[in-house]
Amino acid sequence: MTSTAPEKAVPDTAAAPAHAVELSIGGMTCASCSTRIEKKLNRMDGVTATVNFATEKAKVSYADGIEVADLIATVEKTGYTAEEPPPPASATADESEGEAAPAADGELLSLRQRLYVSLVLTVPVVLMAMVPALQFDNWQWLSLTLAAPVVVWGALPFHRAAWTNARHGAATMDTLVSIGTLAALGWSVWALFFGHAGMPGMRHGFEFTVSRGDGSSSIYLEAAAGVTTFILAGRYLEAKSKRKAGAALRALLELGAKDVSVLRDGKEVRIPVAQLAVGDRFVVRPGEKVATDGTVVEGSSAVDASMLTGESVPVDVTVGDAVTGATVNAGGRLVVETTRVGADTQLARMARLVEDAQNGKAEVQRLADRISSVFVPVVILIALGTLLTWLFVTGDATAAFTAAVAVLIIACPCALGLATPTALMVGTGRGAQLGILIKGPEVLESTRRVDTVVLDKTGTVTTGRMQLLDVFTAPSTDEGELLRLAGALEHASEHPIAQAIAAGAVERSETGVPPAEGWGRAGSLPVPENFENIAGLGVQGVVDGHAVLVGREKLLKEWVIELPRDLAEAKAAAEAEGRTAVAVAWDGEARGVLTVADAIKDTSAQAVAELRALGLKPVLLTGDNQLVAESVARSVGIDEVIAEVLPEDKVEVVKRLQDEGRTVAMVGDGVNDAAALATADLGLAMGTGTDAAIEAGDLTLVRGDLRVAADAIRLSRRTLATIKGNLFWAFGYNVAALPLAALGMLNPMIAGAAMAFSSVFVVTNSLRLRSFK
């Protein structure tokens, strides 16, 4: 486990390809198609490719000297189509999505037309074959009239693909279907025209197993038409389900605003979002979407980010706060200065991460693809072997032919090819809706093995910002007056603790503490006079005629002011919990004590409990002092604390835990966490943190709520379990069905229905992930 960490932390950039492109692939019908394209591309010097059957895309990395046109030509030589995506300058996300959607809709419409026509023609053919009472004189000729269009026109996509593959010396699922249905039709035509099957008064019964009899009087029109219709139905349901599986990503791409009101020379001008540039200022009215990532420069409001992060509670923003594109302004008018546009925005990066994850392949899928690539030729050999064995053992050509066709039909490895990518598409898409971005399928394996979760303290378990927590006052002092005078003086200082006290004073004046006389409008603080910052001790100055001191107890002692017993006890108790205690005095008398700390997030204790419930042992890791770390750990229910760790030593802590035999997940948000996130077996980056941390993580948690870490691990494990369940049923189906078909225990039409059902089952099972909460 630990041996993989250095590779993850320090990738071999020397061997990395210089360029990457994503190609849209057309004409794939099963997993063996994607495997063939992948093999052909990977045989090119300097090319590394992954082809995904479910997403119909190829992710290709290639070295200098190779052109995208060369890649497309290789795909076309293999018998498929490939398209290069439009350049970023000429296509926005919604435009490219708009082009893709009609193409997918057109494919669905074509499949639906073939299915409905084939179904109408097939039903009477099957009924006449199964119910002897419906077999009037010359019924077999009506069956031929109805079945022939189904096998020739309805199954045309299968025949066309089989012919294309045959010209390139390959065989796929379509080869099996095409050979099977054409063989059944061909046998029937021969029996009708040259055998005894065309005689008036001919009757035949229907059996679920292989029937024996005179080959010249047996027809298989119901099998040929039924198999075609069942497989068309499977393809149609599969295409619809694949479209549903990708719906979350499409919804993510469509979240963004389409146009925006930009301020130009003091006037509002409506322009498309694609024309926004960094530095532009735009207006967001109540109910409108924020057009792109930026910083609020005017106004205050509450922003609803639920569609982007899954966070249901709107977040208050004011001047200086960052806002994200696609969030909704739920309150007042905002003016926002653009900081990121186009592909650099958080929405675009989220979509890119989700798409990359969907295009990747887990190790279990690579195994399935390898099996699929050899499966079809093996099945054709098994079908030939079945035909010859039945002929040799029984001498019955009818039974031999029926068993061989059943083998061809039932063995299609379609479900194998869909098992992993459909689950991955739905799982990653659902994750994106909940604010969880899974970087790749290999991440899923890591979540299963993790037994220890290392939590960075600042910004992960705590808010990362100093906050005013408690106010203790002397008996004769009003709390509002204490906050007003101390806040006014601290507001003039740039120290983080001073700013926390000033912000807390204003906030409490607006939300609960009755403001003392002289607060001014909206709780604004008075301006101090003769302000002086005393290094290492605190600040002093005159506020509304009072000589005020705010700082360490030592500062008060220099002015011969002692803290009363109750205030001294409150200060000692706060410091014992790792908080910073600030004394306040004015006019020669100690008036109160303010306690400041990096506040613990409201949800952290619940998150730790959820992580424990998943079988993980939490460890708190921080560069803060031991006292503060232990206080935070006690508050959230963590037993193991590693404190006073330098940023560069966090990697060593993770490695040490790995050397103890633990499989480590790391949750962090800062630049100093990036290396540790990369070294851990599973890195979870808080999306509210730095770009470096997000790039290094395996999972990105879009909102800064630690509970999402537990959700991410649960979703990843559920997705992995779904993939394994899909593969089990897909493998099990083929392993069980082939011997049954070869032994003559399955009618070809029943085999076709079972084959179609296996694919629909796998996709439907994957779609259950959409309900994950």
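Residues numbered from 1 in each chain as written. Predicted model: local features only at pLDDT ≥ 70, side-chain atom pairs only at ≥ 80, totals over all residues. Heavy atoms only, no water.

Visitor: Would you take a moment to explain the overall build of the protein chain for this structure?
Guide: Secondary structure summary: the protein chain contains 27 helices and 26 strands in total. Counting all 773 residues of the protein chain, 53% fall into the buried class. A separation of at least 24 residues holds for 70% of the contacts in the protein chain among residues at least 6 apart in sequence. Accessible surface, the protein chain: about 33,000 Å² in total, of which carbon and sulfur atoms supply 57%. (Helix = DSSP H or I, 4+ residues; strand = E, 2+ residues; numbered from the N terminus. Buried < 20%, exposed > 50% of the residue type's maximum accessible area, 1.4 Å probe, protein only. Contact = heavy atoms within 4.5 Å. Areas by Shrake-Rupley, 256 points an atom, 1.4 Å probe, with all protein chains shown as cover.)

Visitor: Can you help me understand the packing of aromatic side chains in this one?
Guide: This structure, assessed with the given rule, holds five aromatic pairs. Summarising the aromatic geometry, the rings of F728 and W729 are spaced 5.3 Å apart at their centres and angled 80° between planes, so their arrangement reads as edge-to-face. Connected via pairs of aromatic rings, a cluster forms that spans W187, W190 and F401. R114 extends its terminal NZ or CZ atom over the ring of W153, reaching a point 4.9 Å from the ring centre. (Phe/Tyr/Trp six-rings, centres within 6.5 Å; stacked < 30°, edge-to-face > 60°. Lys NZ or Arg CZ within 6 Å of the ring centre and 35° of its normal.)

Visitor: When you look at helix 22 (residues 626-636) in this model, what are you seeing that I'm missing?
Guide: The periodicity of an α-helix, 3.6 residues per turn, causes residues three or four places apart in sequence to face the same way. Taken together, the buried positions of helix 22 are occupied by V628, A629, S631, V632, A633 and V636. For helix 22, the secondary structure elements touched by its buried residues are helix 16 (457-461), strand 16 (462-473), strand 21 (589-600), helix 21 (604-613), strand 22 (617-621) and strand 23 (640-642). Backbone geometry just after helix 22 places G637 at a positive phi near 90°.

Visitor: Whenever I open this one, the sheet that holds strand 2 (residues 47-52) confuses me. Can you help?
Guide: Hydrogen bonds between backbone atoms are what pair the strands of a sheet, whose relative direction is either parallel or antiparallel. Taken in spatial order, the four strands make up an open sheet running 2-3-1-4, and their pairing is antiparallel. The sheet terminates laterally at strand 2 and strand 4 (81-83), the two strands that pair on one side only. Taking each pair of neighbouring strands and ignoring which way they run, the sheet shows an average axis angle of 25°. With three bridges connecting them, strand 1 (residues 19-26) and strand 4 associate as antiparallel partners. Bridged to G26 within strand 4 is T81. (Pairing = 2+ DSSP bridges. Axes fitted to C-alpha atoms, helices over the stretch in contact; angles between N-to-C directions.)

Visitor: Honestly, the UniProt feature "transmembrane region" (unreviewed entry) in the protein chain in this entry has me stumped. Any pointers?
Guide: Residues given the UniProt feature "transmembrane region" (unreviewed entry) here are residues 115-133, 139-156, 176-199, 219-237, 374-393, 399-420, 726-743 and 749-767. Between the C-alpha atoms that bound residues 176-199 the distance is 31 Å, and the span itself is 79% helix and 0% strand. (UniProt positions renumbered as here; feature names shortened; annotations may be inferred.)

Visitor: Sorry if this is basic, but what is going on with unusual backbone geometry here?
Guide: Note: most residues except glycine have negative phi, and most peptide bonds are trans. A positive phi angle, near 85°, is found at A326, a position not held by glycine. Looking at where A326 falls in the secondary structure, it is placed in the loop between strand 11 (322-323) and strand 12 (328-329). Residue classification places A326 among the buried residues on the basis of a relative accessible area of 4%. Although it is not a glycine, D587 adopts a positive phi angle of roughly 55°.

Visitor: Even after reading the chapter, I still don't get the sheet that holds strand 17 (residues 529-534), so can you show me in this structure?
Guide: Strand order in the open sheet formed by six strands is 16-21-20-19-18-17, with antiparallel pairing between adjacent strands. Each edge of the sheet is formed by a strand with only one pairing partner; in this case those strands are strand 16 and strand 17. Going from strand to strand, the sheet's axes swing by 20° on average, the running direction of each strand aside. Looking at chain direction, strand 20 (residues 580-586) and strand 21 are connected through seven bridges and run antiparallel. Bridge pairing in strand 21 links A583 to V593.

Visitor: How do you make sense of a nonpolar patch on the surface when you look at a structure like this?
Guide: Nonpolar side chains collect at one region of the surface, where L119, V123, L127, M130, V131 and L134 lie side by side and expose about 450 Å² of accessible area between them. Within the secondary structure, L119 is located in helix 4 (residues 93-130). (Patch = residues over 30% accessible without salt bridge, like charges linked within 9 Å, V, L, I, M, F, W, Y side chains within 5 Å. Salt bridge = Lys/Arg side-chain N within 4 Å of Asp/Glu carboxyl O.)

Visitor: Help me out: how do you make sense of the side chain of T722 in this one?
Guide: Note on placement: T722 falls in helix 26 (residues 707-742). The class of T722 is buried, set by a relative accessible area of 8%. Each residue touching T722, except ones within four places of it in the same chain, is listed here: A423, N765, S766 and L769.

Visitor: It is not clear to me how the packing of helix 6 (residues 156-167) against helix 7 (residues 173-194) should be interpreted in this structure. Could you clarify?
Guide: In a packed pair of helices, the relevant descriptors are the angle between the two axes and the axis-to-axis distance. Between helix 6 and helix 7, whose axes approach to 8 Å, the crossing angle comes to 120°. Pair helix 6 / helix 7 crosses with left-handed handedness. Listed contacts from helix 7 to F158, H159, A161 and A162 of helix 6 are D174, T175, V177, S178, T181 and L182. For the contact of helix 6 with helix 7, the per-class residue count stands at five nonpolar, four polar and one charged. (Left-handed = near helix turned anticlockwise from the far one by under 90°. Nonpolar A, V, L, I, M, F, W, Y, C, P; charged D, E, K, R; others polar.)

Visitor: I'm lost on the pairing of strand 21 in this one. Help?
Guide: Sheet faces and side chains relate simply in a regular strand, where the side chains alternate between the two faces. By the criterion of burial, strand 21 is predominantly enclosed, with ten of the twelve residues buried. Pairing between strand 16 and strand 21: eight bridges, direction antiparallel. The residue of strand 21 that forms the bridge with T462 is I600. Once strand 20 ends, the chain turns through two residues before running back antiparallel as strand 21, passing D587 with a positive phi of about 55°.

Visitor: I keep staring at the pairing of strand 19 (residues 546-551) and nothing clicks. Help me out?
Guide: Where strand 18 (residues 538-543) and strand 19 come together, six bridges link them in antiparallel fashion. Among the inter-strand pairings, V539 is bridged to a residue of strand 19, identified as V550. Taken together, strand 18 and the strand that follows it, strand 19, pair antiparallel across an intervening segment of two residues, in which D544 is found at a positive phi of about 50°. Pairing of strand 19 with strand 20, which is carried by four bridges, proceeds in the antiparallel orientation.

Visitor: Got a minute to help me understand the confidence of the model for the protein chain in this structure?
Guide: Should the pLDDT be low somewhere, the predicted coordinates at that spot are not to be read in detail. Averaged over all residues, the pLDDT of the protein chain is 79; the fraction at 70 or higher stands at 80%. Below pLDDT 50 for its whole length, residues 88-100 participates in eight contacts with residues either more than four positions away or in separate chains. Throughout residues 512-523 the model reports pLDDT below 50, and contacts reaching past four residues in sequence, or to other chains, amount to 23 contacts. (pLDDT = per-residue confidence, 0-100.)

Visitor: Would you take a moment to explain the pattern of salt bridges for this structure?
Guide: Side chains that differ in charge, positive against negative, can pair when their charged atoms come close. The final tally for this structure, using the stated rule, is 24 salt bridges. The partner of R612 in a salt bridge is D639, and the shortest N-O contact between them spans 3.2 Å. Residue R612 is located in helix 21, and its partner D639 is located in the loop between helix 22 and strand 23; the two are separated by 27 residues in the primary sequence. What makes D639 exposed here is its relative accessible area of 62%.

Visitor: Hey, could you run me through helix 5 (residues 139-154) in this one?
Guide: The terminal C-alpha atoms of helix 5 lie 22 Å apart, and with 16 residues this matches the ideal 22 Å at 1.5 Å per residue to within 8%. Of all the positions in helix 5, only W139, Q140, S143, L144, L146, A147, V150, V151 and G154 are classed as buried. (Expected span 1.5 Å × (residues − 1).)

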